[in-house]
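# Results of the structural survey
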Amino acid sequence: METSKIQKIGQIGIPVKNVERAIEFYKEVLGLPLLFSTENMAFFHCNGLRLLLSIPENNQYANSSSVFYFQVQDIKRSVEELTGKGVSFIDQPHVVAKIGNTETWMTFFKDTEENTHALMSELQS
């Protein structure tokens with residue numbers, strides 16, 4: 001077995017400015033289970049993947065994160081529920097690709113820390 005071969009993504013770091021505010025958003029609004037937190041960071045479980053929210057140690061890393069695509073079963077219903085919890089969406093759910101009988105739908109939103117993320121759903125037509 002090749003020990004240097006990458007096996008999977010084990011954790012994704014998301015830069016935040018305020019840990020308590022970010023914990024509330026990711027736990028209460030997005031519904032992700034909080035594993036544990038400290039003064040400067042919080043760890044969440046997302047179906048086998050760990051998300052690390054942290055205040056960057058160096059200003060060079062204080063930029064918004066990459067876009068994370070959270071998969072949901074019913075994108076329109078998820079948008080309604082999250083909008084009801086105060087989430088501001090940048091656009092409406094829309095088809096971005098159709099491959100065979102599968103349509104990929106997406107919509108984008110901002111978290112409390114100005115990171116852009118998306119909801120995605122793959123529907124059979």
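Above this text is the structure in question.
Residues numbered from 1 in each chain as written. Predicted model: local features only at pLDDT ≥ 70, side-chain atom pairs only at ≥ 80, totals over all residues. Heavy atoms only, no water.

## Some words on the nonpolar core
The condition is simple: Joining through side-chain atoms within 4.5 Å is the link that ties buried Ala, Val, Leu, Ile, Met, Phe, Trp, Tyr and Cys residues into a set, and such a set is a nonpolar core. Throughout this description, buried means an accessible area under 20% of the type-specific maximum (1.4 Å probe, protein chains only), exposed means over 50%, and partly exposed covers the range between. Every helix listed is a DSSP run of H or I at least four residues long, and every strand listed is a run of E at least two residues long, numbered separately from the N terminus. Note on contacts: a residue pair is in contact if any heavy atoms of the two residues lie within 4.5 Å.
In this structure, Y26, F44, L53, F70 and L119 are the most contacted members of the largest nonpolar core, which totals 25 residues. Listed by contribution, the elements that provide at least two residues to this core are strand 1 (11-15), helix 1 (19-29), strand 3 (41-46), strand 4 (49-54), helix 2 (75-84) and strand 7 (102-110). The greatest single-element share of this core, amounting to six residues, is contributed by helix 1. When residues no more than four places from it in sequence are discounted, the contact partners of F44 are I23, Y26, K27, L32, P33, L34, L35, L49, R50, L51 and L53.

## Details of the sheet that holds strand 6 (residues 94-99)
For the record, the criterion: Pairing between strands is defined by DSSP: at least two bridges between the two strands are required. Angles shown run from 0 to 180 degrees and are taken between the N-to-C directions of axes, each axis being a line fitted to C-alpha atoms and, for helices, limited to the stretch in contact.
Ordered in space as 5-8-7-6, the four strands form an open sheet in which the pairing is mixed. Both edges of this open sheet fall to strand 5 (69-71) and strand 6, since each of them pairs with a single strand only. Averaged over all neighbouring strand pairs, the angle between strand axes comes to 30 degrees, with direction disregarded. As judged from the three bridges shared by strand 5 and strand 8 (residues 116-124), these two strands associate in the parallel manner. Across the sheet, Y69 pairs through a bridge with A118, a residue of strand 8.

## A look at the sheet that holds strand 2 (residues 34-37)
Spatially, the four strands line up as an open sheet ordered 1-4-3-2, and their pairing is mixed. Two strands in the sheet have a free side with no partner beyond their single neighbour: strand 1 and strand 2. The average angle at which neighbouring strand axes cross in this sheet is 20 degrees, direction not considered. Across five bridges, the pairing between strand 1 and strand 4 is parallel. Pairing of I14 across the sheet is with L53, part of strand 4.

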